[in-house]
Structure formats: structure tokens, C-alpha cells
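Here's the letter readout for the chains.
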2 protein chains.
Amino acid sequence: GKNVLIVYAHQEPKSLNGSLKRVAVEELSKQGCSVTVSDLYAMQFEPRATRNDIVGFLHNSSEFNYGVEAWEAYKRGSLSKDLIEEQKKVQEADLLIFQFPLYWFSMPAIMKGWMDRVLVQGFAHEFPNCYDSGLLKNKLALFSFTTGGSEEMYAKGGISGDIRYLLWPMQHGIMHFCGVKVLAPHICFAPEYVSEEKRKEMLIAWAQRLKTLWKEEPINCSPDWYFK
Amino acid sequence: GKNVLIVYAHQEPKSLNGSLKRVAVEELSKQGCSVTVSDLYAMQFEPRATRNDIVGFLHNSSEFNYGVEAWEAYKRGSLSKDLIEEQKKVQEADLLIFQFPLYWFSMPAIMKGWMDRVLVQGFAHEFPNCYDSGLLKNKLALFSFTTGGSEEMYAKGGISGDIRYLLWPMQHGIMHFCGVKVLAPHICFAPEYVSEEKRKEMLIAWAQRLKTLWKEEPINCSPDWYFK
């Protein structure tokens, strides 16, 4: 069985995001996968990148450089406990699913903080080991999210532009940079403005997709996919 | 004199970001502007969008919807005190400057949390008042940031793609959505990998630009500017 980590950011278990997360846990478990969930709001996950992430002394205490300090702390095993635990989950995962409501063309701050703090140099990348040779290669990632805006607003030529435009920083800038291959995103458009029945169909479609997920090919994560 | 709000996200006053912020405060004050700084790390600004942002009762306590609750709380004046203070600063500002190190093709989580929590519906936008008719129209914004990667990496055809690709969610998806007009970004590429003298030149160039900032025309914030 494969290992799956679901990084989940919604405050309300009864939300569609909560249901999408539960559907994924159920369907993947049924397949024999081992599924772990990082429920960021429930964990009160810390999004701020600060000196508190480094236990004990600093590499250079006269001028604090977060990237350098986190890298050095990673190497000597002195990152804070919450980060070490998240990194262990990532290390063991074959697939990372990010489940969230789109906030301002991106992920909620609590999930951005997970990216900022967990994917430290030395662990996820270490120049020149980035992009195709990133340290998390042989893993897959999938961004599954809900939007406020409609599919028409997020069309090419729509007022909010092609939804793929806003996937670039998340899929290419973060996941591809770490060597992770990216599966096509799973997007539920404007669930707040559709009927209860339509929302149920969204859950069924997600369960359906998950049944054959392991046969999917990653996208070709290059500017062409996003902007052509 | 104009009012300027600098939203600043760096942990270390001695950093280049810290110096860029100081240069802006000095130069704009010299011009007779009234400058306010929101120093997010120093304020220990809360990035997480939670129930704590609403004082007192909820609109719908059986199923928590952050967007709806923040909107309703805004209307009845019961958002948390830190949000009301930030909104007052935004309301009074003619220009918003965002000063930060680029983290993962975007802003640090602490600044994303400022966007998520401060720019609530009713205050910054209220459908159909979005984009050109957003509620913060007649204001300007400028993203000023430092990168880890070099200018070559962030060129069209470079491994990280045109730097403009990653500006879309921040400039269009957030600022333009709220009706704010966007000035050209100010980017210091890879300051950690250049000489002390080069870094000084970066500070001088920023001060120089600020001298004629009020004569600048906003960018044409449409897909062409970003992706053509």
C-alpha cells in the first residue's frame, strides 16, 4: 500500500473541504493506502517563520537569516518538534494532497506557513538539487481546492484569468522546485453557490477520480501548461 | 502630504528588507508624506483566519464559514481589534507598500495572513464591486521584495520562469481585485549573493525611485502584462 499525507486547511469539519478530506481518507484507505492527515487549524499549526523554529543556539546570532538558520538547524537535528514531525510525514509519503479553500488566488496563510517552515533547505532542496533533481523526487502532489469565483470567472479571458495562472507559484514554485511531480489539480468551483445535490456530485466525482489516481500521469510542469 | 502604509515582513532589522523599509520611511517622510509601518513579525501578527477574529456571537454557529462571518462581523463592527486597526491604516493610506523577502514564489505566510484577514468582504470588496470597482479604488500598491534566485533564473525561459508570472496572484488576484492600482514592482534579486557595495547600490536605487514615485503611472494589470 502507498502512503498518503493529506495537508488540510479548513476551520469547519462540516464544510465541503472537510467532506472532500473525509472522502479521500475513506477511498484511499479502502484501497489499502496508509493515510495521514495534518489538520492544520485543529493542530493550531504555527505559520510564522521565526527564531522559535530553531532549538538552542543560532549559527549567526548577530543577524538572523531564517533560511540559513533553518538549514543549519536541519543539519544538526535542532529544528522545532512540530517541523520534525511534519518532515517525517512528508518523507514517508508517496503522495501529498493539499486540501483547502482558495484564499486570494492562493492557499490560506496557515498552509503557506506549512510550506515556508516544513520544506527547508537540506530537507526538500539543496542547490543545485532543485526542480527535477529536488530532494523530494519520486513523490507526487495534488492540489485539491474550492473556489469562491465561478468557472467562467476563472476561464481564459474571464475576469480572474485562467485558473492555471494562479497554480504556477504553488505547483511549479513549490512542489516542482522540491522535485515533486504534480498531478492535475482537483477544483470544485463556487460550491457555496450551487445546490446541495451539486455538492454531493462534487464529492462523488472526487471519490471516483481517486479510484484510478495511481494510474494518472503527472502534468508537464512547464510554462506551456500554465500560460499557453 | 500623502499617506503611506508600509506592510513589512522580515524578522531581522539588519536585513536588506529592513534597510529597504527604513529607506522608504526616510525618503517618503522627507517628501512630507505621513508614513505608517505595520511591522508584522514585531507585532506578532496572527496569520490564521479563525473564529477568534469575530468578537461575540456568530451569524451561523452551526457551520463556521470564515468569509461570511468576517463579512457579517465587519458590518456590525465586531471584528477583532487588530483587524479594525489594520483596516483603519489601509483606509487612510493613499499608497500601500509591501516589503518582504520572496518565500516560495509568494509572500511569507505572516503577510499572506494579513491579506486573508484584513481585506474582508464589505471593507475591501463586495460583489459586484471588485476589480476596477473594488472598494479600495483610488489607492495605489507596490510590491517591493528580495529574491533568493538570480535575475537569470527569473527570466522568460529561465528555470523559474518570468518573475511576472508569480506576481499575478498578488497584484491581480489581491490588489486589483480590491480596486487598488498597482505600480511596477521593485525587485532586488539575490542580495545574499552580491557584494556589500552592490547591496548599497540597491538601497540607493530604491531611494532614487521613491523620489519620483508619485509621477509613475500604474501598470496595465491584465494578463498581457504578466504572460505575453
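These numbers come from a predicted model, not from an experiment.

The rules we used
Residues numbered from 1 in each chain as written. Chains lettered and ligands numbered in written order. Predicted model: local features only at pLDDT ≥ 70, side-chain atom pairs only at ≥ 80, totals over all residues. Heavy atoms only, no water. Helix = DSSP H or I, 4+ residues; strand = E, 2+ residues; numbered from the N terminus. Contact = heavy atoms within 4.5 Å. Areas by Shrake-Rupley, 256 points an atom, 1.4 Å probe, with all protein chains shown as cover. Axes fitted to C-alpha atoms, helices over the stretch in contact; angles between N-to-C directions. Parallel < 35°, antiparallel > 145°, perpendicular 65-115°, else oblique. Left-handed = near helix turned anticlockwise from the far one by under 90°. Nonpolar A, V, L, I, M, F, W, Y, C, P; charged D, E, K, R; others polar. Phe/Tyr/Trp six-rings, centres within 6.5 Å; stacked < 30°, edge-to-face > 60°. Buried < 20%, exposed > 50% of the residue type's maximum accessible area, 1.4 Å probe, protein only. 1 Å grid on protein atoms, 1.4 Å probe; cavity = no way out; pocket = protein on both sides within 12 Å on 5 of 7 lines; lining within 4 Å. Points joined across faces, edges and corners; volume = space filled by probe spheres on them. Least-squares fit on C-alpha atoms with pLDDT ≥ 70 in both. Buried area = accessible area lost by both parts, 1.4 Å probe. Salt bridge = Lys/Arg side-chain N within 4 Å of Asp/Glu carboxyl O. Polar contact = N/O pair within 3.5 Å; in protein donor to acceptor, adjacent residues only side chain to side chain. UniProt positions renumbered as here; feature names shortened; annotations may be inferred.

K.L.:
Please clarify how the overall build of chain A should be interpreted in this entry.
P.N.:
Looking only at helices and strands, chain A features seven helices and six strands. When its helices and strands are written in sequence order, chain A yields β-α-β-α-α-β-α-β-α-β-β-α-α. Expressed as a percentage of contacts within chain A between residues at least 6 apart in sequence, the contacts between residues at least 24 apart total 75%. Within the structure as shown, chain A displays about 9,600 Å² of accessible surface, and the carbon and sulfur contribution to it stands at 52%.

K.L.:
Help me understand the packing of helix H5 (residues 163-175) of chain A against helix H5 (residues 163-175) of chain B in this model?
P.N.:
Two numbers describe a pair of packed helices, the interaxial angle and the distance between the axes. For the pair H5 of chain A and H5 of chain B, the least separation of the axes is 9 Å and the interaxial angle reads 110°. The orientation of H5 of chain A relative to H5 of chain B falls into the category roughly perpendicular. Of the two elements, H5 of chain A crosses H5 of chain B, and the hand of that crossing is left-handed. Together, Tyr-165, Leu-166, Trp-168 and Pro-169 of chain A of H5 of chain A and Tyr-165, Leu-166, Trp-168 and Pro-169 of chain B of H5 of chain B make up the contact between the two elements. When its residues are assigned to classes, the contact of H5 of chain A with H5 of chain B shows eight nonpolar, no polar and no charged.

K.L.:
Looking at this model, I keep getting lost on the packing of aromatic side chains. Mind explaining?
P.N.:
Working definition: an aromatic ring pair is given by the centre-to-centre distance plus the angle between the planes. Throughout the structure, instances matching the rule amount to 37 aromatic pairs over all chains. Judged by centre distance (4.1 Å) and plane angle (35°), the rings of Tyr-165 of chain A and Phe-227 of chain B are tilted. Of the two residues, Tyr-165 of chain A is situated in helix H5 and Phe-227 of chain B in helix H7 (residues 223-227); the pairing between them involves two chains. What makes Tyr-165 of chain A buried here is its relative accessible area of 6%. Since its relative accessible area comes to 12%, Phe-227 of chain B is described here as buried. Considering the side-chain rings of Trp-168 of chain A and Phe-105 of chain B, the 6.4 Å spacing of their centres and the 50° angle between planes classify their relative orientation as tilted.

K.L.:
How should I be thinking about empty space enclosed by the protein in this particular structure?
P.N.:
Summary: where empty space remains is shown by rolling a probe the size of a single water molecule over the atoms. For the structure on display, the rule yields one cavity of 30 Å³ or more. Volume-wise, the largest cavity comes out at about 110 Å³. Lining the largest cavity are 18 residues, with Phe-105, Ser-106 and Pro-169 of chain A together with Ser-106 and Pro-169 of chain B positioned closest to its centre. At the level of secondary structure, the elements contributing two or more residues to the lining of the largest cavity comprise H5 of chain A together with H5 of chain B. The residue makeup of the lining of the largest cavity, split by class, is 14 nonpolar, two polar and two charged.

K.L.:
Just checking my understanding: could you explain the relation of the copies chain B and chain A for this structure?
P.N.:
Once chain B is rotated about the relating axis by 180° and shifted along it by 0.0 Å, it coincides with chain A to within an RMSD of 0.0 Å. What the rotation and shift describe, once combined, is the action of a two-fold rotation axis. The position closest to the rotation axis in chain B is occupied by the C-alpha of Ala-109 of chain B, lying 2.5 Å away. An overlap of 100% is found between the interface residues of chain B and their copies at the interface of chain A, pointing to a shared contact surface.

K.L.:
When you look at the interface of chain B and chain A in this model, what are you seeing that I'm missing?
P.N.:
Many structure descriptions define interface size as the accessible area lost when the parts assemble. In this assembly, 49 residues from chain B lie in contact with 49 residues from chain A. When chain B packs against chain A, close to 4,000 Å² is buried across both sides, 64% of that on carbon and sulfur atoms. Taken as a group, Arg-48, Trp-104 and Phe-105 of chain B account for 20% of the area that chain B buries against chain A, more than any other trio of residues on that side. For the pair chain B and chain A, the interface holds zero salt bridges. The dominant element in the side of chain B that touches chain A, judged by the number of residues it contributes, is H5 of chain B, at seven residues. Of the residues that constitute the side of chain B that touches chain A, the class distribution is 27 nonpolar, 14 polar and eight charged.

K.L.:
Hey, could you run me through the pattern of salt bridges in this one?
P.N.:
All names here are of chain B. For the coordinates displayed, the defined rule picks out 30 salt bridges over all chains. Put simply, Asp-82 and Arg-117 hold a salt bridge, and the shortest N to O gap is 3.0 Å. Of the two residues, Asp-82 sits in helix H3 (residues 81-92) while Arg-117 sits in helix H4 (residues 109-118), which places them 35 residues apart along the sequence. According to the relative accessible area criterion, Asp-82 is partly exposed, its value standing at 28%. One salt bridge connects Lys-88 with Glu-92, and the closest N-O pair in it is separated by 3.6 Å. Note that Lys-88 and Glu-92 are positioned in helix H3 at a spacing of four residues, about one turn of the helix.

K.L.:
When you look at the environment of Lys-112 of chain B in this model, what are you seeing that I'm missing?
P.N.:
Residues and elements named next belong to chain B. Within the secondary structure, Lys-112 sits in helix H4. Along the backbone, Lys-112 and Glu-217 are 105 residues apart, and their C-alpha atoms lie at a distance of 26 Å. For Lys-112, the side chain forms a polar contact with the side chain of Asp-116, separated by 2.7 Å.

K.L.:
Would you take a moment to explain the UniProt feature "domain: Flavodoxin-like fold" (unreviewed entry) in chain A for this structure?
P.N.:
As annotated by UniProt and renumbered to match this structure, "domain: Flavodoxin-like fold" (unreviewed entry) occupies residues 2-210 of chain A. End-to-end, the C-alpha atoms of residues 2-210 of chain A are 13 Å apart, and along that stretch the chain is 36% helix and 15% strand.

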